[in-house]
Amino acid sequence: MALPANFLDELRARLPIATVIGKSVKLSRSGRERKGCCPFHGEKTPSFYVYDDHFHCFGCGEHGDVISFVMKSTGASFMEAVEDLAGQAGLEVPKQSPQAAQAEARRSSLSEVLEAACKEYQLWLWGQEGRAALAYLRERGLSDDTIRRFQLGFSGEGRGQLATALRGQNIKPDQLIEAGLMKQGERGPTDMYFGRVMFPIRDRRGALISFGGRIMGDGQPKYVNGPETALFSKRRSLYGLNLAREAVRKGAVLIVVEGYMDVIALAQAGFGGAVAPLGTALTEEHLEEIWRLSPAPVLCFDGDAAGQRAALKTAELALTQLTPDKTLKLLRLPAKDDPDSLIKRAGRAGFEAELGKAQPLSAVLFDMLKAGQDMATPKGAPAFASACWGQPTRFRINSWPRNIATR
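Here's what I pulled together on the structure shown here. These figures come from a predicted structure and were not determined experimentally.

1. A few points about the sheet that holds strand 4 (residues 55-57)
- Ordered in space as 1-2-3-4-5, the five strands form an open sheet in which the pairing is antiparallel. Looking at the sheet topology across the chains shown, the edges are occupied by strand 1 (28-30) and strand 5 (63-64).

Right under this line is the structure:
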């Protein structure tokens, strides 16, 4: 039985591989990974390493994901391993049915539609009609290599242009609507994006799931993100995740920023571990995904008041989920700076210097509570102690002194 790819992804996401393997293998932290003695061959010196989504033994060569580990360690078949893990994760294994097969086929079809659109957008960017869009990206400091690496494109002026371009590939407007590339208007299907620079959004495996589009001049909305589809969920998806995943595995710091251009500017400057939410505040699902990549990510939002409030809201969300193996650092940029502008102004060295100032979440919250008290008065110290120790377990930002959330 072929299982839907999204079900298997959800299963792997709910059961971190280190947790499953740790039930039968004693693991210890080794840098960003965990290691232990291989359960598949006798050894006294650990050569069995567990990464964010797979294991590998450098002694005997065994390799695989969480499902294959259960299969190899217990002798279970693929379906038996999946059913065992699904029970642990509280998931129901999809039953084989014409409807399930049809849904999976539809998702595969949507992926093909998105990839076809991505190729068209890139062709338009590098063609005659994309000259202004390409000039805009270069003016923003992006090299041609970076533009190609992130597969940036141009939407054209819309009004059926994409549907016309893809008609020869037997792609119909209703498929474009389902993929989030068109929407139903009063006079029929109309393009979702008009005259925008296009940013492909991919999942952790690199599969294309949606797009974001940015206007080049003045106007609102500045960014348009694709709608929720069978492939795309804003509260689960992070821009740049597939590229950051590989960079973090090679030793890069995982940096959570606010926008597309921040991710791309950081990657171009050599900070390849950057990701960003997509038009929404960070969610619990985002934090789970981030911690799967790194136990100590750095939260780096803009230096303005809005950016600091967003950082605080994320800190509040993270407080109840912190463990010795899941921490969080906050980087407060200079006022009016974002990562993109800071790199333009101060270069790689300037951002690296700021990154070195990132503080543990506890230290940041301590400083912010202290900033809300007048320590120069006799009542200041007792009030500060009350603020520190009198807060409930789950901090409420809107109950803190007004100046804290706008520092």
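2. Some thoughts on the pattern of salt bridges
- The full count for this structure, using the stated rule, is 22 salt bridges.
- The salt bridge partner of Asp53 is Arg245, with a shortest N-O separation of 1.6 Å. You can see Asp53 sitting in the loop between strand 3 (48-50) and strand 4 and its partner Arg245 sitting in helix 10 (residues 241-249), a full 192 residues away along the chain.
- Asp53 gets classed as buried once you look at its relative accessible area, which sits at 14%.
- Between Lys72 and Glu62 there is a salt bridge, and its shortest N-O distance comes to 3.0 Å. Linking Lys72 in helix 3 (residues 66-74) with Glu62 in the loop between strand 4 and strand 5, this pair joins segments that are ten residues apart in sequence.
- Owing to a relative accessible area of 38%, Lys72 belongs among the partly exposed residues under this scheme.

3. Focus on the environment of His286
- By secondary structure assignment, the location of His286 is in helix 12 (residues 284-293).
- Given the relative accessible area of 0%, His286 is considered buried.
- Separated by 50 residues in sequence, His286 and Arg236 place their C-alpha atoms 5.6 Å apart.
- Apart from the residues within four sequence positions on either side, His286 is in contact with Lys234, Arg235, Arg236, Ser237, Leu238, Pro277, Thr280 and Ala281.
- Of note is the side chain of His286, whose polar atom sits 2.9 Å from the backbone oxygen of Lys234.

Each value, and the rule that gives it
Starting afresh in each chain, residues are numbered from 1 along the sequence in its written order. At least 70 in pLDDT is required for a residue's local features to be given in this predicted model, at least 80 for side-chain atom pairs to be given and counted, and no such filter applies to totals for whole chains, interfaces and linings, which use all residues. To obtain the side-chain values, all non-hydrogen atoms of the structure were included, while hydrogens and water were left out. At least two bridges found by DSSP between two strands is the condition for calling them paired. A run of DSSP states H or I qualifies as a helix once it reaches four residues; a run of E qualifies as a strand once it reaches two. Both are numbered from the N-terminal end. A pairing counts as a salt bridge when a side-chain nitrogen of Lys or Arg comes within 4 Å of a carboxyl oxygen of Asp or Glu. Buried residues are those whose accessible area, probed at 1.4 Å on protein chains only, stays under 20% of the maximum for their type, while exposed residues exceed 50% and partly exposed ones sit between those limits. Note on contacts: a residue pair is in contact if any heavy atoms of the two residues lie within 4.5 Å. The term polar contact refers here to a pair of N or O atoms within 3.5 Å; inside protein, the definition further demands a hydrogen-donor-capable atom paired with an acceptor-capable atom, and it admits residues adjacent in sequence only when both atoms are side-chain atoms.

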